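The residues making up each chain are set out below.
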Amino acid sequence: MRPPHSPQPAEPAHPCANAELDTSAAPVPEPFYCRRCRRALNVRLDNQGVIVEYLHAAGQRGQPSDHRPEPAPITEIPDPIIDCDFCSAPDAAWIYRCADRVTDVRRVTAQVVAVGDYQTRHHAARARRTDTEHAFTQAWGEGWSACARCADFIEARDLYGLIGRVVETLPAKLTRGKHLMHTRGQLHERYSDVFDTLVPGRGRITPGHPLGLWNHPTGEAP
Ligand SMILES: [Zn+2]
Ligand SMILES: [Zn+2]
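Keep in mind it's a predicted model, so treat the numbers as computed, not measured.

Draft legend 1. Representation of the coordination of the zinc ion (ligand 2) within the structure. C84 (SG), C87 (SG), C147 (SG) and C150 (SG) make up the full set of protein donors to the zinc ion (ligand 2), lying at 2.3 to 2.4 Å. If you look at the zinc ion (ligand 2), its four donor atoms make angles of 105 to 118° with each other, and the shape they trace is tetrahedral.

This is the structure in structure tokens:
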């Protein structure tokens, strides 16, 4: 069986390319959680779409963890701790669904510069060709949990308001000095995709319903 978060291997990696969603298919696919800390995990895939690594989602928001992930589907975790996927608040109230977004991370294996360029410009020489290889694909999943305050920004489609709120909650190492612009850029890219591909409606997270109780706009199934 395919893991719930893995994209179809043949699908293009660009998030806009698979923005068409079957809205009747909500709720979200079942995410992986950690058996040990009961918190969300993200997955990394190889270029065949096979999971090669699990990571604590909170770790990817700059909060270190003291153990290795022990993955299990969320419904197998008694009393999962559902953090806000945006600001990390431990009391997510809503779950949103958007296109399954992935980030392809490539590593540079060689840079080729023209000899003439190099002789005259040295380190300023333009790379004529940069060879890269696929390092891993970071899957962010289709479901995004949000605390009540982050959800207010999402409902208002206030991208910059949301980024501003999240930046305030991040550890200093991600927002100090020149890191701030880089971090804001990453959040902008990630959240733009979320806003662009949001499926109508949202699920209310309640005890016993970690994937949310979904409302649907009038006229939409089911
Ligand atoms: Zn854990
Ligand atoms: Zn939040």
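That was the structure; now back to the text.
Draft legend 2. Representation of the pairing of strand 8 (residues 209-214) within the structure. As defined by bridge partners, strand 7 (residues 203-206) adjoins strand 8 across three bridges and the pair is classed as antiparallel. Opposite R204, over in strand 8, you have L213 as the bridge partner. Where strand 7 folds back onto strand 8 in an antiparallel hairpin, the turn is made up of two residues, including G208, whose phi is positive at roughly 90°.

Draft legend 3. Region of the structure containing helix 3 (residues 159-169). Among the residues of helix 3, L159, G161, L162, I163, R165, V166 and V167 are the ones counted as buried. Those residues of helix 3 hidden inside the fold are in contact with helix 2 (148-155), helix 4 (172-175) and helix 5 (179-197).

Draft legend 4. Looking closely at the layout of surface pockets. In this structure, the largest pocket spans a volume of roughly 880 Å³. Lining the largest pocket are 49 residues, with N42, Q60, W140, W144 and R190 positioned closest to its centre. Elements represented by at least two residues in the lining of the largest pocket include exactly strand 1 (32-34), strand 2 (41-45), strand 5 (94-113), strand 6 (127-146), helix 5 and strand 8. By residue number, the principal contributor to the lining of the largest pocket is helix 5, which donates ten residues. For the lining of the largest pocket, the residue count by class is 26 nonpolar, 15 polar and eight charged.

Draft legend 5. Here's a closer look at the nonpolar core. Core analysis: the biggest nonpolar cluster contains 26 residues, and F86, C150, I154, L162, V166 and Y191 have the highest contact counts within it. Residue assignment for this core shows that the elements contributing at least two residues are strand 5, strand 6, helix 2, helix 3 and helix 5. Looking at this core, the element that brings in the most residues is helix 3, giving five residues. With residues up to four places along the chain from it excluded, the contact list for V166 reads F86, C87, L187 and Y191.

How each quantity is defined
- Residues numbered from 1 in each chain as written.
- Chains lettered and ligands numbered in written order.
- Predicted model: local features only at pLDDT ≥ 70, side-chain atom pairs only at ≥ 80, totals over all residues.
- Heavy atoms only, no water.
- Donors = N, O, S within 2.8 Å, 3.2 Å for Na, K, Ca; no water.
- Tetrahedral: all angles 85-135°; square planar, octahedral: opposite > 155°, others 65-115°.
- Pairing = 2+ DSSP bridges.
- Helix = DSSP H or I, 4+ residues; strand = E, 2+ residues; numbered from the N terminus.
- Buried < 20%, exposed > 50% of the residue type's maximum accessible area, 1.4 Å probe, protein only.
- Contact = heavy atoms within 4.5 Å.
- 1 Å grid on protein atoms, 1.4 Å probe; cavity = no way out; pocket = protein on both sides within 12 Å on 5 of 7 lines; lining within 4 Å.
- Points joined across faces, edges and corners; volume = space filled by probe spheres on them.
- Nonpolar A, V, L, I, M, F, W, Y, C, P; charged D, E, K, R; others polar.
- Core = buried A, V, L, I, M, F, W, Y, C linked by side-chain atoms within 4.5 Å.

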